Every structure is written in C-alpha cells, then in structure tokens.
2 protein chains.
Amino acid sequence: MRLAKVACADCPIRHRAVCAEADADDLAVLESIKSYVSVPKGGSIVAAGDAFDHVSSVVAGCATMSRTLEDGRRQMVGLLLPSDFIGRPGRARSSFDIEAVSDVTLCRFERPAFEKIVRSSPNVAQRLLTMTLDELEIARDWSVLLGRMTARERVAKFLLSLVRREASAEGQEITDGPVVLHLPLSREAIADYLGLTIETTSRQFSALRREGLIETPSARQVVVPDVAQLTLEVLDDDGGPIA
Amino acid sequence: MRLAKVACADCPIRHRAVCAEADADDLAVLESIKSYVSVPKGGSIVAAGDAFDHVSSVVAGCATMSRTLEDGRRQMVGLLLPSDFIGRPGRARSSFDIEAVSDVTLCRFERPAFEKIVRSSPNVAQRLLTMTLDELEIARDWSVLLGRMTARERVAKFLLSLVRREASAEGQEITDGPVVLHLPLSREAIADYLGLTIETTSRQFSALRREGLIETPSARQVVVPDVAQLTLEVLDDDGGPIA
DNA sequence: GACCAGCCTTGACCTGCATCAAGGACGGAG
DNA sequence: CTCCGTCCTTGATGCAGGTCAAGGCTGGTC
C-alpha cells in the first residue's frame, strides 16, 4: 500500500537511518525517488530467494529476518526496528525471509536508483558502510549467544538488548531503575530469535518472574525493576552492540 | 615481525582482497603505506578490547575470530583465510580475539591512513562495503547453523564450506568428485566454530567416516569422495555463502 | 629410534532443553 | 456478555549433546 510522502525533514528516523549523513543535495535526490509503503502485521516484505527490487528503511513498526529449513526449523537472524535498513545494494536476491510482525511503514527506493546514489554520494556510502559494520558486529555477538549461552542467559540478554535499543532510540541514558518494555515479538518469534523452543522460552520468562528479576503485567509487557541485576544473569555482558 | 614488501602486482590476493578494485592511483597510495607482518602460529593478532591501531588483509595462513566468556566458554565467529580483511575502519577497538592458527602473513595499514583512503577512493570504499555485506551474509547464515542445526549437520556444513572456499580461492568449479581437504583448525577450534564440544565434534567425524561419507587419512586431512552426497546431510544447503 | 606432549578418539553417564500433551488466559467479534 | 481462536503456560517424559574419564596416536625432539 502506498502512503503519502512525509518530507525527509519531518521524518522520525532522519538522523539515524541510512540517510543520516546525507547533505542537502543527497537528500533532494533521495526525496525525489523515495516512496512510503505500508505492510500490515503478518505481511511479507521479501521472501527468501526473491528478487530485491527495492531497498528500504524501516520508518515505523517491527519486522524480522529469518530462514526456515525444509523441515520447519526456523531461525531468526535479525530484528528490524525503525531506522534499520532492508536490502542489499549490489545483490539481487534475499537469502532470508523478511516479515512484518507489526504494521510496518517503509521508506522505499528502487534498488538501481539507490545504488546509483551510493556510488555518487560518499556520505550515503559511508553511512551504509557504518551501518553494515554495526550489523555485522551485532550478528557476531548474537552468534556467541546462539552457540554458547544457556536458555536463561539468552532470554536475559534478549531483554537487555531491548532495554538498550529503546534507550538508544530515545537518546536516553540506560538507567538501573525500573524499565517498562513492550515486546515486539510473540513468544514463538522470541524462541526463533534465541534458537530455543517456545516452551523453553516461556519457562525462562516464568523463572525470571518467580525470582523477581522481571514482572510481566501482560504477555507483551515486561518490567525490569533492576537492569543491573538482570545484567548479572548474562556472563560477558559487555553492554554489547545494540541489537 | 616485519617482512620485505612484495609489490602489489605480485601479491597473491591482489584480485580478491580489499584492494581488488583499486586503480593505479589507489594502489600507489596503498603500496606506500602498507607493511607486511608475520604472526607465528598461536600468536595473537588483536585481543578483545584492544585498540585497532591497524587494519590488515590476510595474505597467507589462517586466523580465527572468537570470544571467550569469563567461565571459559568460547565461540568462534569467523575464520580468516587469505584475502579476508581484519579490523574495522571507524572503530577503535576489537570486540573479539583474533589469533593466528597457522603462521600468518598480514598486509597491514595504519588505521588512520587506511581510513583516509576509504574516504578518498570510491573503489576501495565500494570494495570494503561489498566485503562487509558478504561477511554479514556469512555471519547470518552461520547463525542458522548455531541456532538450529544438529551436530551432524554442523560438521557436514563445515566441511562443505571448506570445499567451497578452496574451490573459490582457486577459481575452480565445485566438482562432485573426490576432494581432498586440509583442515586449518584443530578439533577444538572446529568445536568452538560449530558451537559444540570437542568430543561431540570428534564423534561426528567418526560417524561420517564409518558411513563412508568422508575419509580421514590423518587428523588434519579429510577426503570427501562424493560432495553431492555429503550435501544431502545438510538440509537447506543452498550452496550458501562461502565461509 | 625411543620418548614425550599435545591432540584425538572412544566409552559411560548425566543434564538441559526438546518433545508431547493439557489446559489457561486474553482479546476481538458478534 | 459470551464465545472462540490464538497465544501462552505448565507438566511429564525423552534424547542429543555435554561432562567426566581413559587411553591411543603422532609427529617433533634429542
């Protein structure tokens, strides 16, 4: 679905997305070729193997990037929140499924046009490189979780990554005081993200609740009364990259 | 240890490394600031938390990128072979340990000087972006292995990734006929790469050997008589990115 | 050419998470 | 308000892979 354009100057992700470093000239070009698209909750943005005709930035909502094996096993490899970039300049096909888990608004560019901008604007190219390097760091950090952490550590680290992500989106300090989180994902999606089953994930939420490390007023809401204490559950928590 | 410089024109990784797309001018600058460094087997290239004073390309040998948790659990997040890039322009510190697992030769640049080239040469910047995007794809692909695959599938996929990597380094087709592999890693390092224990890894090698899917003339050598058959052991093997 | 240290393999046993199986809670539709 | 579908939780049981323990191999050294 097409939406009315919002001026880049009024865009909520103007200073965090791939356009963050764009100068006035870059922005004029981007503005002329962008279009807003909305994808309803549950909708597909691209399927694994599909052509990447467009690249886009997430403006609002939440999407997931995952792969499903033939026998149904599924692993999420990325959580896409506002300002995250979707698509791969220079590659025609996605090797992962990208799906909206809430209603999503995308700021979209045709791939060839965007690639041209990357070639002509060092600001955009540099920003894209920085974002890609950040993503790489996040992916590698997550590999440590998937390869070596216990179920309890995974859930704790997931919650902490949301705490950090929310803080950074709002440009706030990370406080140790109570933090209220809205979970963008169902238990099943969280399990896919953490390389666990839904049952194990649910049991870990329950265990953390019993021990007072979190409160869960509703299934999609989590209160972390003491962030520092939850951090103690994750060995190695270096305050790693913001996933 | 410093080594004599080799002219870029004679460099074995000239057309695969970060300098692959460099034009004559770029190359002249790179040549003037590069130096060769050799790191002995077992030596550290950078430790997690250390400053990245240099960035480099692996010219020869094999290195690993990994993180060790406080209690000794260890996860490898990348295998670095000739032409791979080490370091992160724009970031001062490494969050992983990088270690030589064989004698390694690096083509090294001081980070600020290299960053300057990235800013001034679109060819180098573009190549770096492409390489980083490839790394990201590999890291995400590996996440699927770490999160969802069985021990047997992990070992099979590891062997297949080496088959592909060797073929691509030599610009050959991937044949289905017998392939002889030299394992660059010890069983322990393989286990760390695959998110398994050394015992489980060893048992899977033995099981594949019993079933005739591989032969192991020595611990560091593996013969794959039929690549296609080994591929059948890995559900989803899309011929994924070359790790 | 015998010794030694560092790998590698194999066996026995254990445990954390998966699987299988029931409910329970909650929110949207009528 | 009540019904129903979806999502979530909890319990019982099983098993893949981890852990603990013992050799075996091999290649480098003197």
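Residues numbered from 1 in each chain as written. Chains lettered and ligands numbered in written order. Predicted model: local features only at pLDDT ≥ 70, side-chain atom pairs only at ≥ 80, totals over all residues. Heavy atoms only, no water.

1. Quick notes on the overall build of chain A
- Helices and strands together make up the secondary structure of chain A, namely seven helices and 12 strands.
- Relative to the compact-globule value of 18 Å for 243 residues, chain A shows a C-alpha radius of gyration of 19 Å, a close match.
- Reported as C-alpha extents along the three principal axes, the dimensions of chain A are approximately 55 × 45 × 30 Å.
- Counting every position in chain A, which comprises 243 residues, the buried fraction comes to 55%.
- By sequence separation, contacts in chain A at least 24 residues apart represent 74% of the contacts at least 6 residues apart.
- Of the accessible surface of chain A, which amounts to about 10300 Å², a share of 51% is contributed by carbon and sulfur atoms. (Helix = DSSP H or I, 4+ residues; strand = E, 2+ residues; numbered from the N terminus. Rg over C-alpha atoms; globule rule 2.2 N^0.38 Å. Buried < 20%, exposed > 50% of the residue type's maximum accessible area, 1.4 Å probe, protein only. Contact = heavy atoms within 4.5 Å. Areas by Shrake-Rupley, 256 points an atom, 1.4 Å probe, with all protein chains shown as cover.)

2. Some remarks on helix H5 (residues 187-194) of chain A
- In terms of residue burial, H5(A) counts as a mostly covered element, since seven of its eight residues are buried.
- The complete set of buried residues in H5(A) reads Arg187(A), Ala189(A), Ile190(A), Ala191(A), Asp192(A), Tyr193(A) and Leu194(A).
- Check the buried side of H5(A) and you find it contacts strand S6 (74-80), helix H3 (122-148), helix H4 (151-169) and helix H6 (198-210) of chain A together with helix H3 (122-148) of chain B.
- Following H5(A) by one or two positions, Gly195(A) adopts a phi angle in the positive range, close to 70°.

3. Side note on the protein's contact with DNA strand C
- Of all residues adjacent to DNA strand C, which total 17 residues, the nearest are Thr200(A), Arg203(A), Arg187(B), Arg203(B) and Ser206(B).
- What you see for DNA strand C is that sugar and phosphate hold 64% of its atoms within 4 Å of the protein.
- Between Arg187(B) and DNA strand C, the recorded distance is 2.6 Å, taken from a side-chain N or O atom to a phosphate oxygen.
- Taking Ser206(B), its side chain carries an N or O atom lying 2.3 Å from a phosphate oxygen of DNA strand C.
- For the surface near DNA strand C, the secondary structure elements donating two or more residues are H6 of chain A together with helix H5 (187-194) and helix H6 (198-210) of chain B.
- Taken together, the residues that form the surface near DNA strand C break down as three nonpolar, seven polar and seven charged. (Near = heavy atom within 4 Å. Polar contact = N/O pair within 3.5 Å; in protein donor to acceptor, adjacent residues only side chain to side chain. Nonpolar A, V, L, I, M, F, W, Y, C, P; charged D, E, K, R; others polar.)

4. Some words on the packing of helix H4 (residues 151-169) of chain B against H6(B)
Residue and element names in this part refer to chain B.
- Look at H4 against H6: their axes get within 9 Å of each other, and the N-to-C directions meet at 75°. One element, H4, and the other, H6, form an angle in the roughly perpendicular class. Contacts between H4 and H6 pair Ala-151, Arg-152, Val-155 and Leu-159 from the former with Thr-200, Thr-201, Gln-204, Phe-205, Ala-207 and Leu-208 from the latter.
- Considered class by class, the residues forming the contact of H4 with H6 number six nonpolar, three polar and one charged. (Axes fitted to C-alpha atoms, helices over the stretch in contact; angles between N-to-C directions. Parallel < 35°, antiparallel > 145°, perpendicular 65-115°, else oblique.)

5. Points about the interface of chain A and chain B
- Facing 43 residues of chain A, the contacting portion of chain B comprises 43 residues.
- The junction of chain A with chain B conceals about 4200 Å² of combined surface from both sides, 57% of it contributed by carbon and sulfur atoms.
- Inspection of the chain A/chain B interface yields 15 salt bridges.
- Note that Asp134(B) and Arg88(A) form a salt bridge whose closest N and O atoms lie 3.0 Å from each other.
- Going through the elements one at a time, strand S5 (63-68), S6, H3 and H5 of chain A are the ones with two or more residues in the side of chain A that touches chain B.
- Residue contributions to the side of chain A that touches chain B peak at 18 residues, all from H3(A). (Buried area = accessible area lost by both parts, 1.4 Å probe. Salt bridge = Lys/Arg side-chain N within 4 Å of Asp/Glu carboxyl O.)

6. Quick look at the pattern of salt bridges
- What the rule picks out here adds up to 33 salt bridges over all chains.
- Close ionic contact of Asp134(A) with Arg91(B) constitutes a salt bridge, the shortest N to O distance being 3.5 Å. Of this pair, Asp134(A) sits in helix H3 while Arg91(B) sits in the loop between strand S7 (85-86) and strand S8 (97-100), placing the two residues on different chains.
- By relative accessible area, Asp134(A) is classed as partly exposed at 28%.
- Overall, the relative accessible area of 27% leaves Arg91(B) in the partly exposed class.
- Ionic contacts of the salt-bridge type, sharing partners, join the residues Arg74(A), Glu99(A), Asp192(A) and Arg148(B) into one network.

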